[in-house]
Amino acid sequence: MNPTLKPFQQIAAGTALLVAVSSFAAFGEETGSTNAAPKGLAQQIFDTMVQVHGTTAGHRPVHAKGIVCEGTFTPSAAAAALSKAAHFQGAVVPVTVRLSDGAPDPLIPDNSPNAGPRGMAIRFKSPGGDETDIVALSHNGFAVGNGEEFLALQKAVVATDPSKPHPWPIEEFLTTHPATLKFVQESSVVPTSFATEAFFGNDAFVFVNKDGVKQAGRYQIIPVAGRHDLDEAGAKAKPANFLIDDLKTRLAAGPVQFRLVVQLPNAGDPTKDPSLVWPDDRKTVEMGTITLNAVDADSVAAEKALAFDPVNLTDGIELSDDTLPVLRSKVYALAVLYRNPE
């Protein structure tokens, strides 16, 4: 096994952030792990990420290339039974959605195998004025199961010198972490369109209904147009900005829709490890339809202003025993400060 370093840097090392999100006051605190150094696990991860691939001034450290759309969310009747969250109670609510390539390069060609995984970040604006976010990836299952593993992954990338003999540190890591290798390999696939890409929350959250009943679940965002990917030849034939241009063309002709689904675990299914995928036969709840209506009139300015946060929750949605959302929020806060130093 000789994976090249560059794709690994852009795909695996970049996914710590997904998209930069809003400030988190406690980003320097420990995560509760006995292995965390005094500097704090979030700070270590961010510092190592910058070592891996640096950043481009004014852009997100990863998922640097994207597009912002405006639309609506129409909840289903089943949504209110699962959660008392305001945006699940029947009224159509506005959403802001950012779709992105995963790489740190804002000029990465959309058809590059190094541009994955794609990201979708959604902000729901409830009738009462509250906001809540979902951040999701185009891969079902995260690269690693916890923050310590992610730091070890990034350190393996930093320690890898392609001029040295094999096995490189990153190769040794991938050999002992099959879920990470699967993530890297499958994230190189190029979709036919943002409108035909599925996205997965990976982290488990707890949904609370009006009777106080709690139920763990993971978000899935499924394209109404169906999921379709390009083969290698088809991807190579596409222009550099085809995903963004295609989305603009589609939205000019009509809305683009996705189904918001919550997958429920069976007894014994792990909720704390986002790298462990629940089987497809698990029960799902249709939460409603996300409808993209138009590209933001000033998408570039909107991208700079937006900061999504995986722990920007609302009443009716709670954290589970999965510790990565809190850690990611802390790392995202550092990313926001890094790309907006003023």
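*Asks:* Explain the overall build of the chain to me, please; I cannot follow it from the model alone.
*Replies:* Along the chain, the regular secondary structure elements total 10 helices and 10 strands. Buried positions account for 56% of the 342 residues belonging to the chain. Once local pairs closer than 6 in sequence are excluded, the contacts in the chain between residues at least 24 apart make up 77%. Surface accessibility of the chain: about 13800 Å² in total, with carbon and sulfur atoms responsible for 54%.

*Asks:* Would you take a moment to explain the nonpolar core for this structure?
*Replies:* Across soluble globular proteins, you tend to see nonpolar side chains buried next to one another. In terms of nonpolar packing, the biggest core is built from 40 residues, with Ile-221, Leu-260 and Ile-290 touching the most fellow members. With five residues, helix 8 (residues 242-253) is the single largest residue contributor to this core. With residues up to four places along the chain from it excluded, the contact list for Leu-260 reads Phe-73, Phe-88, Phe-124, Ile-134, Tyr-219, Gln-220, Ile-221, Val-285, Glu-286, Met-287, Gly-288 and Ile-290. In terms of nonpolar packing, the next biggest core, distinct from the first, is built from 26 residues, Ala-42, Met-49, Phe-150 and Leu-327 among them.

*Asks:* Help me understand the side chain of Gln-154, please; the structure alone is not making it clear to me.
*Replies:* Along the chain, the position of Gln-154 falls in helix 4 (residues 147-159). Within the local environment of Gln-154, its side chain forms a polar contact with the backbone oxygen of Ile-45, the two atoms lying 3.1 Å apart.

*Asks:* Any chance you could explain helix 4 here in plain terms?
*Replies:* Note on helix geometry: an α-helix contains 3.6 residues per turn, so any two residues three or four positions apart are oriented the same way. The terminal C-alpha atoms of helix 4 lie 18 Å apart, and with 13 residues this matches the ideal 18 Å at 1.5 Å per residue to within 8%. Turning to helix 4, its buried residues are Gly-147, Phe-150, Leu-151, Leu-153, Gln-154, Ala-156 and Val-157. One side-chain oxygen of the residue at the start of helix 4 lies 3.2 Å from the amide nitrogen of Glu-148, identifying that residue as Asn-146.

*Asks:* What exactly am I supposed to notice about the confidence of the model for the chain here?
*Replies:* Close reading of the predicted structure is inappropriate where its pLDDT is low. Mean pLDDT over the chain works out to 87, with 86% of the residues at or above the 70 mark. The model gives residues 1-37 a pLDDT under 50, and that stretch makes 131 contacts with residues more than four places away or in other chains.

*Asks:* Honestly, the pairing of strand 7 (residues 214-223) in this entry has me stumped. Any pointers?
*Replies:* When you tally the buried positions in strand 7, you get eight out of 10 residues, the bulk of the element. Where strand 5 (residues 199-200) and strand 7 come together, two bridges link them in antiparallel fashion. Looking at the pairing, Phe-200 lines up with Gln-220 of strand 7. Bridging between strand 6 (residues 205-208) and strand 7 involves four bridges; their strand directions are antiparallel. Residue pairing for strand 7: Val-208 is matched across the bridge by Lys-214. Between the antiparallel neighbours strand 6 and strand 7 lie five residues, among them Gly-212 with a positive phi of about 85 degrees. With six bridges connecting them, strand 7 and strand 8 (residues 256-263) associate as antiparallel partners. Residue pairing for strand 8: Arg-218 is matched across the bridge by Gln-263.

*Asks:* What should I look at first to understand the packing of aromatic side chains in this one?
*Replies:* Centre-to-centre distance and the angle between the planes together describe a pair of aromatic rings. Following the criterion strictly, the structure yields seven aromatic pairs and no others. These aromatic residues form a ring-pair network of at least three members: Phe-73, Phe-88 and Phe-124. The residue whose ring lies beneath Arg-123 is Phe-308, and the NZ or CZ to ring-centre distance is 5.2 Å. Between the NZ or CZ atom of Arg-218 and the centre of the ring of Trp-278, over which it lies, the distance is 4.0 Å.

*Asks:* It is not clear to me how the pattern of salt bridges should be interpreted in this structure. Could you clarify?
*Replies:* A complete count under the given rule lists 16 salt bridges for this structure. Across the salt bridge formed by Arg-123 and Asp-133, the nearest N and O atoms sit 2.8 Å from each other. Placement of Arg-123 in strand 3 (residues 119-125) and of Asp-133 in strand 4 (residues 131-137) is noted, with a sequence separation of 10 residues between them. Judged by its relative accessible area of 12%, Arg-123 is buried. The class of Asp-133 is buried, set by a relative accessible area of 5%. For Asp-269, the salt bridge goes to Arg-282, with nearest N and O atoms at 2.6 Å. Taken together, the residues Asp-269 in the loop between strand 8 and strand 9 (284-295) and Arg-282 in the loop between strand 8 and strand 9 connect sequence positions 13 residues apart. Looking at Asp-269, the relative accessible area reads 15%, which means it is buried.

*Asks:* Can you help me understand the pairing of strand 9 in this one?
*Replies:* Both faces of the sheet carry side chains from a regular strand, because those side chains alternate between them. Where strand 1 (residues 66-75) meets strand 9, seven bridges bridge the pair, whose relative direction is antiparallel. Looking at the pairing, Phe-73 lines up with Ile-290 of strand 9.

*Asks:* Mind showing me how you'd approach the packing of helix 5 (residues 169-176) against helix 6 (residues 178-186) here?
*Replies:* Axis separation between helix 5 and helix 6 bottoms out at 5 Å; the angle between their running directions is 110 degrees. Here helix 5 lies roughly perpendicular to helix 6, going by the angle between them. Counting all contacts with helix 5, which are made through Phe-173, Leu-174 and Thr-176, the residues of helix 6 involved are Pro-178, Thr-180 and Leu-181.

About the thresholds
- Residues numbered from 1 in each chain as written.
- Predicted model: local features only at pLDDT ≥ 70, side-chain atom pairs only at ≥ 80, totals over all residues.
- Heavy atoms only, no water.
- Helix = DSSP H or I, 4+ residues; strand = E, 2+ residues; numbered from the N terminus.
- Buried < 20%, exposed > 50% of the residue type's maximum accessible area, 1.4 Å probe, protein only.
- Contact = heavy atoms within 4.5 Å.
- Areas by Shrake-Rupley, 256 points an atom, 1.4 Å probe, with all protein chains shown as cover.
- Core = buried A, V, L, I, M, F, W, Y, C linked by side-chain atoms within 4.5 Å.
- Polar contact = N/O pair within 3.5 Å; in protein donor to acceptor, adjacent residues only side chain to side chain.
- Expected span 1.5 Å × (residues − 1).
- pLDDT = per-residue confidence, 0-100.
- Pairing = 2+ DSSP bridges.
- Phe/Tyr/Trp six-rings, centres within 6.5 Å; stacked < 30°, edge-to-face > 60°.
- Lys NZ or Arg CZ within 6 Å of the ring centre and 35° of its normal.
- Salt bridge = Lys/Arg side-chain N within 4 Å of Asp/Glu carboxyl O.
- Axes fitted to C-alpha atoms, helices over the stretch in contact; angles between N-to-C directions.
- Parallel < 35°, antiparallel > 145°, perpendicular 65-115°, else oblique.

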